[in-house]
Amino acid sequence: MSNPRTHHRNWDEFRWEQEIRRDERRINCYFRTLPQCLDLPGEEEMISNTIASQRDLMPEMPADSNVITPWSYLRFPEEEDDERGSGDLQEGRRPGEHIVESIDALASRWNIHCAITPELHYAALPVGCAYAKLLARCADFLDVPDNDTALKRCLGKRCLCDLLELHNYLEFLSQNTPAEKNFTEFQQKRLIGLREQISKMLAKYK
């Protein structure tokens, strides 16, 4: 059986960007199809068949690979952490792990604040989703080994784009919800700090 990680090792940044865009179209297809199948018997199978019927949405994988989930080829066995070298880790933590923890803390604070602030009900879901997207993207960025530089660069740039999108949501709220200006500006400032940290990490993979 071929190694899916090896299969994609020679992809350049442009090819990875194409696959990420395909992945996002696949996710969009899932959520467009979900309301038609919700609570029906075989719901997941129906959705999977709908996605599989659109060949342009299927990830490019080796013919003999049993990898079936879109991003499972980014999830490597834990023992492969040894390949990164113990010098990259401090007290068992990955470099940049604090970034994910900070985003998670900001997202939690946002959700708690929205739960007790009726005025923000219209913004709670889109900003919450933007936080979830950023959190997942940054986790993927950290999970990829340092020697996969093309994928690292691609995901790092995506992290910055997702962060900017979230920052713009909060900027809109800051301008249109005066009562929440202090809270949204606090979140924006923290995001700007995280953007600088992500940019520094990304600079290593030029």
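Whatever comes next refers back to the structure up there.
As the structure is a prediction and not an experimental result, all values here were calculated from the model. Numbering of residues starts from 1 in every chain and runs along the sequence as written. Side-chain atom pairs in this predicted model are given and counted only at pLDDT of 80 or more, local residue features only at pLDDT of at least 70, and totals for whole chains, interfaces and linings cover all residues. Derived side-chain values reflect all non-hydrogen atoms in the structure, with water molecules and hydrogen atoms excluded from consideration.

Draft legend 1. Molecular detail of the overall build of the chain. Helix and strand assignments follow DSSP, with helices taken as H or I runs no shorter than four residues and strands as E runs no shorter than two, numbered in order from the N terminus. A tally of regular secondary structure across the chain gives seven helices and zero strands. Its helices and strands taken in sequence order, the chain reads α-α-α-α-α-α-α from the N to the C terminus. Any residue under 20% of the maximum accessible area for its type is buried, any over 50% is exposed, and the rest in between are partly exposed; the area is computed with a 1.4 Å probe on protein chains only. Burial analysis of the chain (206 residues in total) assigns 39% to the buried set. Calculation of accessible area relied on Shrake-Rupley with a 1.4 Å probe; when residues are assessed, cover is drawn exclusively from the protein chains displayed. As presented, the chain carries roughly 12300 Å² of accessible surface, and 54% of it is formed by carbon and sulfur atoms.

Draft legend 2. Region of interest: the packing of helix α4 (residues 97–115) against helix α5 (residues 121–143). Where helices are involved, their axes are fitted lines through C-alpha atoms of the stretch in contact, as for all axes, and angles between N-to-C directions lie from 0 to 180°. Where α4 meets α5, the closest approach of the two axes is 10 Å, and the angle between their N-to-C directions is 170 degrees. In terms of axis orientation, α4 runs roughly antiparallel to α5. As α4 runs across α5, the sense of the crossing is left-handed. Contact residues: E97, V100, I103, D104, L106, A107, W110, N111 and C114 in α4; A123, A124, V127, G128, Y131, L134, L135, C138, A139 and L142 in α5. Residues are grouped as follows: Ala, Val, Leu, Ile, Met, Phe, Trp, Tyr, Cys and Pro are nonpolar; Asp, Glu, Lys and Arg are charged; every other residue, Gly included, is polar. Per-class residue counts for the contact of α4 with α5 are 15 nonpolar, two polar and two charged. By the definition adopted for this analysis, an angle is roughly parallel if under 35 degrees, roughly antiparallel if over 145, roughly perpendicular if from 65 to 115, and oblique otherwise. Crossing handedness: left-handed means the near helix sits turned counterclockwise from the far one by under a right angle, and right-handed means the same turn made clockwise. Note on definitions: a residue-residue contact is assigned when non-hydrogen atoms from the two residues lie within 4.5 Å.

Draft legend 3. Up close: the packing of α5 against helix α7 (residues 181–203). Their axes nearest at 13 Å, the elements α5 and α7 cross at an angle of 20 degrees. Overall, the two elements α5 and α7 adopt an arrangement that is roughly parallel. Both α5 and α7 take part in a crossing whose hand is left-handed. Here Y131, L134, C138, F141 and L142 of α5 come into contact with α7, specifically with Q187, L191, I198, M201 and L202. Within the contact of α5 with α7, the residues separate by chemical class into nine nonpolar, one polar and no charged.

Draft legend 4. The arrangement of the nonpolar core in detail. One finds W110, Y131, L166, L170 and L191 to be the most contacted residues of the largest nonpolar core, which totals 35 residues. Once residues lying within four places of it in the same chain are set aside, the contact partners of Y131 are I103, L106, A107, W110, L166, L170, Q187 and L191. Residues belong to one nonpolar core when they are buried, are Ala, Val, Leu, Ile, Met, Phe, Trp, Tyr or Cys, and are joined through side-chain atoms within 4.5 Å. With five residues, the next largest nonpolar core counts C29, L34, C37 and I47 among its residues.

Draft legend 5. Representation of α7 within the structure. Take the number of residues in a helix, subtract one, and multiply by 1.5 Å to get its expected span. Across its 23 residues, α7 extends 33 Å between first and last C-alpha, which sits within 8% of the 33 Å expected from 1.5 Å per residue. Close packing links the buried residues of α7 with α4, α5 and α6 (149–176).

Draft legend 6. Local environment of the packing of aromatic side chains. In summary, the pairing rule links any two rings of Phe, Tyr or Trp, Trp by its six-membered ring, whose centres are within 6.5 Å, and it sorts them by plane angle into stacked for under 30 degrees, edge-to-face for over 60 and tilted for everything else. All told, the structure shown has three aromatic pairs when counted by the stated rule. With 4.7 Å between their ring centres and 65 degrees between their planes, W11 and W16 make a pair best called edge-to-face. Owing to a relative accessible area of 11%, W11 belongs among the buried residues under this scheme. Owing to a relative accessible area of 5%, W16 belongs among the buried residues under this scheme. Two conditions define a charge located above a ring, namely a distance within 6 Å from the ring centre to NZ of Lys or CZ of Arg, and an angle within 35 degrees of the ring normal. For the cation-ring pair, R15 lies above W11, with the distance from its terminal atom to the ring centre recorded as 4.2 Å.

Draft legend 7. Region of interest: the state of the cysteines. Note on terminology: pairs of cysteine sulfur atoms within 2.5 Å are recorded as disulfides. For the structure shown, the criterion picks out zero disulfides. Considering cysteine sulfurs only, C138 is the nearest to C159, which forms no disulfide, with 3.6 Å between them.

Draft legend 8. Spatial organisation of the pattern of salt bridges. Take a side-chain nitrogen of Lys or Arg and a carboxyl oxygen of Asp or Glu: if they are within 4 Å of each other, that pair is a salt bridge. This model, assessed by the stated rule, comprises 14 salt bridges. Taking the shortest distance from any N to any O, the salt bridge between E17 and R21 comes out at 2.9 Å. Pair noted here: E17 and R21 are both in helix α2 (residues 13–37), with a separation of four residues, about one helical turn. Of the charged contacts in the structure, one is a salt bridge between D162 and K133, with a shortest N-O distance of 3.7 Å.

Draft legend 9. Quick peek at the environment of S199. Relative to the assigned elements, S199 resides in helix α7. Separated by 42 residues in sequence, S199 and K157 have C-alpha atoms that sit 8.5 Å apart.

Draft legend 10. Layout of α2. Compared with an ideal rise of 1.5 Å per residue, which puts 25 residues at 36 Å, α2 spans 36 Å between its outermost C-alpha atoms and is within 8% of the ideal. Two residues or fewer after α2 comes D39, characterised by a positive phi angle close to 70 degrees.

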